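Working through the structure, step by step
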Amino acid sequence: MLKSLKLSIRNLARYKTRTIITIVAVLISVLVSTVVDGLVRGMFTISTNNLIAYESSEVTIYQKGYFEKRDEYPSDIFISGDLLQEASERLDKAELPNTPRYKAISELITYSEEEESEFYLNVILVGVDKERDKNVFRISESLCDGSWFENEDEIILGSKIAEKLNLKVGDIVTLSTTGAMGFAETLDLEVGGIINSEDPQVNMSQVFVNLSDLDSYLLLKGGATEIAVSDGMPSVASKKLADKVQKIIGPELDAKYYEEVNEDIIAIMNGDKGSSFIMLLFLFIIAAAGISNTMIMAVMERRKENAMLRALGFSRRSIVSLFVLEGTLTGIIGALIGALLALFVMIPLSKYGLDFTALLSEEMDIGYRMPLILRPTLFWQSFVFIPILAVLLSSLSAFFPVYKTGKEEIADLFRRM
Amino acid sequence: MVEIKSLVKTYKTGDEEVRAIDDISLNIKQGEIVAISGASGSGKTTLLNLIGTLDNITSGDIIINEHSIASMNEKEKTNYRKLNLGFIFQSYNLIPVLSALENVELAFQPLSKQELAEIGISDTKLAAKEALKAVGLEGYEERRPGQLSGGQQQRVSIARAIVRKPKILLADEPTANLDSKNSLLILALLSKLSHENKITVIYSSHDQEVLKNVERVIILKDGKLVEDKKC
């Protein structure tokens, strides 16, 4: 085996240029695949974490019938005050942080004295329990101006909303929304704070009001449209937690985990993962074609050598193995260098990120819940499985063109030169 | 002892069938130095390849020391070659990335430990060195083929062919790429090795120098045996 390895290494060195080109092809495939995989995973991870930390939490409890219509924000289906209290107590007993939220499509109206005109903006009103919300979401940590509901009748705006309507802390706005049973209500509120979270969707479209203020205006009677639940580890979410919560709250309410609540966004992200996988596969196929081509040339050039080896008593299989070993070595060298380079690229990238703010507007909804500075995830499996795949493909790419030469008769090999 | 019985080898070229060896029968004794001669296309290389199990017999048989070549499958032929035959080619066929010593040692690679023990080899490197010494190339072990002359390369090829102590050496035009001085050296070397180790040497050649240095000449024409004379 060692002697075959020595011969294979020497043969690779024999055709330096060709070998280097093939190694570079493998290297590029591994480097690009690993970095792109890291970036896509990064996008997925950051988006998932932000969804959970700012929008939907790990598990959301709804009144039966609400979940199917959740995109319409129906005001006539919500969890009653009694049910909410009971569910909340049970969840507290099970030591699962939870908080009620009221959501409704609303209209934010401001008046500009300078321009003597009103401005309207559709927003999503999120009524929050100012104390309990901190245990489940990170909205309160994202304040960039003002405070978290220090006074009554305050509204906290997403930063992009404030920017768009030229609002600042202390300004008065009017919120037109829908209360329980579907009646319209208009509230005058003072801007108490502005948040700038990691989730651009929240910054662009959500406003927050203290649930206790909303309760009296909208006749909620202690009710809410949902209860958000976390198990204290916002970056980890699972169906198991939803099942556990369902058992705790009983059959009158529905517990849904974040993937169900955000199935459209998750589907987009998974679709992107799939299409990037296909693109990377093509990259590997191109590298594999290069290796096959190199092997075909090597086999053609070494026909007489192969014939001599067969005459010496080397079996067909051992000669095929020599070439496959060459292909495998090419794959190993390319994969190792590619993986190392990928690490060198991804470590600074994961710290500083790829800044797309110059290319894309922050108001563009790209589907992902992440800022325009893209950071890859250092996923150790990518550094293991992608190089292994590259090596396997290299071996296979070497095997098929060489396999045929193993079948030729020795005398034919001598004759064909 | 090589017994060739009613040997036939045909090839198909397009629609035509070519009879490269046409019903040849002859015997070669152990330790004989024989040349198979004839014009180009007479079938001499084909006959050599058939004896060397490098090609398939169409009909007839070759029996070498009671082993029937025609009845062997691919694996059996490979094993038979390993332990009984040595080859010397016109164009040396050395591996250019290996040194002279490594090229000779390569001959041992297909053999198992048991097979090495059967031929009395315990140290392959040492055996390879001794083979190079026997062909007059002591001190040239680390040189690669590109650093050797034609004659020296052919001697490495001979060392590789004899290192496994074969019973039969098959040499296809071994002097075709050499000048007259080196040709004579190679022929003298092969004769010496044959006499010392009782190896049968079968040349395929139309070189007059070769024909002068053998004990018997077998002449072929259009695949048929036309003359078999002792020298």
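Residues numbered from 1 in each chain as written. Chains lettered and ligands numbered in written order. Predicted model: local features only at pLDDT ≥ 70, side-chain atom pairs only at ≥ 80, totals over all residues. Heavy atoms only, no water.

As recorded in an unreviewed UniProt entry, chain B goes by the name ABC transporter ATP-binding protein, listed as coming from Bullifex porci. According to its UniProt record, chain B has this under Sequence similarities (unreviewed entry): "Belongs to the ABC transporter superfamily. Macrolide exporter (TC 3.A.1.122) family." (UniProt positions renumbered as here; feature names shortened; annotations may be inferred.)

For chain A, the name recorded in an unreviewed UniProt entry is ABC transporter permease, with Bullifex porci as its organism.

Per the UniProt record, "domain: ABC transporter" (unreviewed entry) is annotated on residues 2-230 of chain B. Along residues 2-230 of chain B, the helical share is 34% and the strand share 28%, with 17 Å between the first and last C-alpha atoms. (Helix = DSSP H or I, 4+ residues; strand = E, 2+ residues; numbered from the N terminus.)

All names here are of chain B. The antiparallel open sheet is built from four strands, whose spatial order is β2-β1-β4-β5. For this open sheet the edge positions go to β2 (16-28) and β5 (67-68), each flanked by a neighbour on one side alone. As judged from the 10 bridges shared by strand β1 (residues 2-13) and β2, these two strands associate in the antiparallel manner. Across the sheet, residue L7 finds its bridge partner in β2, namely I24. (Pairing = 2+ DSSP bridges.)

Residue and element names in this part refer to chain A. In contact at an axis separation of 9 Å, helix α1 (residues 2-14) and helix α12 (residues 316-352) are set at 65° when each is read in the N-to-C sense. Crossing of α1 over α12 shows right-handed handedness. Where α1 abuts α12, its residues S4, L5, L7, S8, I9, N11 and L12 lie against L322, L325, E326, L329 and T330. Residues of the contact of α1 with α12, tallied by class, amount to seven nonpolar, four polar and one charged. (Axes fitted to C-alpha atoms, helices over the stretch in contact; angles between N-to-C directions. Left-handed = near helix turned anticlockwise from the far one by under 90°. Contact = heavy atoms within 4.5 Å. Nonpolar A, V, L, I, M, F, W, Y, C, P; charged D, E, K, R; others polar.)

Bringing the interface of chain B and chain A into the picture now. Chain B puts 28 residues into the contact, and the matching count from chain A is 23 residues. In total, chain B and chain A occlude about 2300 Å² of area from one another, counting both sides; carbon and sulfur atoms represent 58% of this. By the criterion of area lost to chain A, the three top residues of chain B are L54, V97 and Q109 of chain B, representing 23% of everything that side buries. Linking chain B to chain A there are five salt bridges. (Buried area = accessible area lost by both parts, 1.4 Å probe. Salt bridge = Lys/Arg side-chain N within 4 Å of Asp/Glu carboxyl O.)

Core analysis: the largest hydrophobic core is formed by 103 residues, its most contacted members being I4, I51, I62, I158 and Y203 of chain B. The element that contributes the greatest number of residues to this core is α12 of chain A, accounting for seven residues. With near-sequence residues (within four places) excluded, I4 of chain B lies in contact with I24, S25, L26, N27, L47, I51, D61 and I62 of chain B. In this structure, F78, L108, I194 and V207 of chain A belong to the second largest nonpolar core, which totals 26 residues. (Core = buried A, V, L, I, M, F, W, Y, C linked by side-chain atoms within 4.5 Å. Buried < 20%, exposed > 50% of the residue type's maximum accessible area, 1.4 Å probe, protein only.)

To continue, consider the domain arrangement of chain A. All names here are of chain A. Partitioning chain A into structural domains gives domain 1 (1-52 + 266-416) and domain 2 (59-230). A separation of 50 Å is found between the C-alpha centroids of domain 1 and domain 2. On the domain 2 side, the residues contacting the nine residues of domain 1 number eight residues. Across the contact surface, domain 1 and domain 2 share one salt bridge. (Domains from an automatic or database assignment.)

All names here are of chain B. Across the sheet, which stays open at both edges, the six strands sit in the order β6-β7-β8-β3-β9-β10 with mixed pairing between neighbours. Looking at which strands have only one partner, the edges of the open sheet turn out to be β6 (85-88) and β10 (224-230). Neighbouring strand axes in the sheet, compared pairwise and without regard to direction, differ in orientation by 20° on average. In terms of strand pairing, strand β9 (residues 216-221) meets β10 through six bridges, oriented antiparallel. Bridging across to β10, V217 finds its partner in K229. In the packing of helix α1 (residues 44-51) onto the sheet, the strands contacted are β3 (33-37), β6, β7 (168-172), β8 (200-204) and β9, and the crossing angle to β8 comes to about 150°. Lying on the sheet, helix α2 (residues 74-84) is in contact with β6 and β7; it crosses β6 at an angle near 80°.

Right, let's get into the UniProt feature "domain: MacB-like periplasmic core" (unreviewed entry) in chain A. Residues annotated in UniProt with the feature "domain: MacB-like periplasmic core" (unreviewed entry) correspond here to residues 19-230 of chain A. Helix makes up 35% of residues 19-230 of chain A and strand 33%. Its end C-alpha atoms lie 54 Å apart.

Here helix α6 (residues 150-162) of chain B spans 18 Å end to end across 13 residues, near enough to the 18 Å set by a 1.5 Å rise per residue. Most of α6 of chain B is tucked away: 12 of the 13 residues are buried. For α6 of chain B, the set of buried residues is G151, Q152, Q153, Q154, R155, V156, S157, I158, A159, R160, A161 and I162 of chain B. Elements that come into contact with the buried residues of α6 of chain B comprise α11 (303-312) of chain A together with β6, α3 (100-105), α5 (124-134), β7 and α7 (180-197) of chain B. (Expected span 1.5 Å × (residues − 1).)

Before going further, it helps to spend a moment on the confidence of the model for chain A. On average, residues of chain A carry a pLDDT of 87, and 95% of them reach 70 or more. Taken element by element, the predicted model of chain A shows its lowest mean pLDDT in helix α14 (residues 410-415) of chain A (74) and its highest in strand β8 (residues 206-210) of chain A (96). (pLDDT = per-residue confidence, 0-100.)

Our focus in this paragraph is the packing of aromatic side chains. Residues and elements named next belong to chain A. Going through the model one piece at a time under the given rule, you end up with five aromatic pairs over all chains. Between the aromatic rings of Y62 and F67, the centroid separation amounts to 5.8 Å while the plane-to-plane angle is 45°, which identifies the pairing as tilted. Seen in terms of ring centroids, F399 and F400 are 5.3 Å apart; in terms of plane orientation they differ by 75°. Their pairing is edge-to-face. A residue is classified by how much of its surface remains accessible, and F399, at 29% relative accessible area, is partly exposed. Through successive ring pairs, a cluster of aromatic residues spans Y62, Y66 and F67. One residue, R70, lies across the ring of F67, its end atom 4.0 Å from the ring centre. (Phe/Tyr/Trp six-rings, centres within 6.5 Å; stacked < 30°, edge-to-face > 60°. Lys NZ or Arg CZ within 6 Å of the ring centre and 35° of its normal.)

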